[in-house]
Amino acid sequence: MNTPLPPSHDSALDLASFPEGFRALVIGASGGIGQAFVQVLQAHPRCGEVLGLHRRSTPRLDLDDEASIARAADALRGGGKFHLIIHAAGVLHTEGFMPEKKLADLGYAQLEATFRINTFGPALVLRHFVPMLDAGRGVLAVLSAKVGSIEDNRLGGWYSYRASKAALNMLLKTAAIEVRRNHPQA
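1. A closer look at the environment of Ser 17
Move 1: Here Ser 17 shows up in the segment before β1 (22-27).
Move 2: Using a relative accessible area of 34% as the deciding quantity, one classes Ser 17 as partly exposed.
Move 3: The spacing of Ser 17 and Arg 137 is 120 residues in sequence and 8.3 Å in space, taken between C-alpha atoms.
Move 4: At a separation of 2.6 Å, a polar atom in the side chain of Ser 17 contacts the side chain of Arg 137.

2. Some points on helix α2 (residues 66-77)
Each α-helix winds once per 3.6 residues, and so residues spaced three or four apart point in a common direction.
Move 1: Between the first and last C-alpha of α2 there are 17 Å, a value that for 12 residues agrees with the 16 Å anticipated at 1.5 Å per step.
Move 2: Among the residues of α2, those classed as buried are Ser 68, Ile 69, Ala 70, Ala 72, Ala 73 and Leu 76.
Move 3: Of the surrounding secondary structure, the elements contacted by the buried residues of α2 are β1, β2 (47-53) and α3 (108-129).

3. Examining the confidence of the model for the chain
Move 1: Looking at the chain as a whole, the pLDDT averages 90, with 93% of positions reaching at least 70.
Move 2: Contacts of residues 1-12 to residues separated by more than four positions or lying in other chains number 20 contacts, the stretch itself having pLDDT below 50.

4. Side note on the pairing of β2
Move 1: Here 6 bridges tie β1 to β2, and the two strands are oriented parallel to one another. By the bridge assignment, Val 26 is partnered in β2 with Gly 52.
Move 2: Regarding topology, helix α1 (residues 32-43) serves as the crossover connection from β1 to the parallel β2, and that connection is right-handed.

5. Let's talk about the layout of surface pockets
Move 1: Its boundaries defined by the atoms lining it, the second largest pocket holds a volume of some 340 Å³.
Move 2: Surrounding the second largest pocket, 16 residues form its lining, Leu 140, Leu 172, Ala 176, Val 179 and Ala 186 being those nearest its centre.
Move 3: Of all the elements in the fold, those that place two or more residues in the lining of the second largest pocket are β4 (139-142) and α4 (159-182).
Move 4: Residue composition of the lining of the second largest pocket, grouped by class: 12 nonpolar, 2 polar and 2 charged.

6. Quick word on the pairing of β1
Move 1: Burial analysis of β1 places 6 of its 6 residues in the buried class, which makes it a mostly covered element.
Move 2: Going residue by residue along β1, you find Phe 22, Ala 24 and Val 26 tucked away on one face and Arg 23, Leu 25 and Ile 27 tucked away on the opposite face as well.
Move 3: The pairing of β1 with strand β3 (residues 84-87) spans 4 bridges and is classified as parallel. Its bridge partner lying in β3, Ile 27 is registered against His 87.

Parameters and conventions
- Residues numbered from 1 in each chain as written.
- Predicted model: local features only at pLDDT ≥ 70, side-chain atom pairs only at ≥ 80, totals over all residues.
- Heavy atoms only, no water.
- Helix = DSSP H or I, 4+ residues; strand = E, 2+ residues; numbered from the N terminus.
- Buried < 20%, exposed > 50% of the residue type's maximum accessible area, 1.4 Å probe, protein only.
- Polar contact = N/O pair within 3.5 Å; in protein donor to acceptor, adjacent residues only side chain to side chain.
- Expected span 1.5 Å × (residues − 1).
- Contact = heavy atoms within 4.5 Å.
- pLDDT = per-residue confidence, 0-100.
- Pairing = 2+ DSSP bridges.
- Right-handed = clockwise from strand over helix to strand, strands pointing away.
- 1 Å grid on protein atoms, 1.4 Å probe; cavity = no way out; pocket = protein on both sides within 12 Å on 5 of 7 lines; lining within 4 Å.
- Points joined across faces, edges and corners; volume = space filled by probe spheres on them.
- Nonpolar A, V, L, I, M, F, W, Y, C, P; charged D, E, K, R; others polar.

Next comes the structure, spelled out in structure tokens:
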């Protein structure tokens, strides 16, 4: 029996395609989407182990702290390869800022904070965690957003979020080309 992924997942990831006892890692496991992925994977009969990382986990992974990303990868490296790594962390707004609705709302601090979490952090996750993918069957999935599509932007607004997700999409496309050379099964 194949447990379905959360309904917001656009393309089907066939968990039955992973080997019996596959290992999974969810980055951003403290958020709603990350928690849902952890629960689905824990309930899946073929999944042997699910680990979740976030700012308060052990090891700690904070997308705003490059050293914590490297330390988290180093801490997990001895446990073996992962068949599935899901990056489900990101930020649209915080207590300190809301999505910008007009150009007059733009500010350097918000732009930088949004890019650090939505673009730079995931890029460093790729750097440190791609080598931890299983060579036989390895998937590293990163959640993005439809509003990161340049073509789909009909409403405007949400400047830093849209731009950070568009940049993330380009990083993922570029990384996928490189990863395919070294991990043809990825």
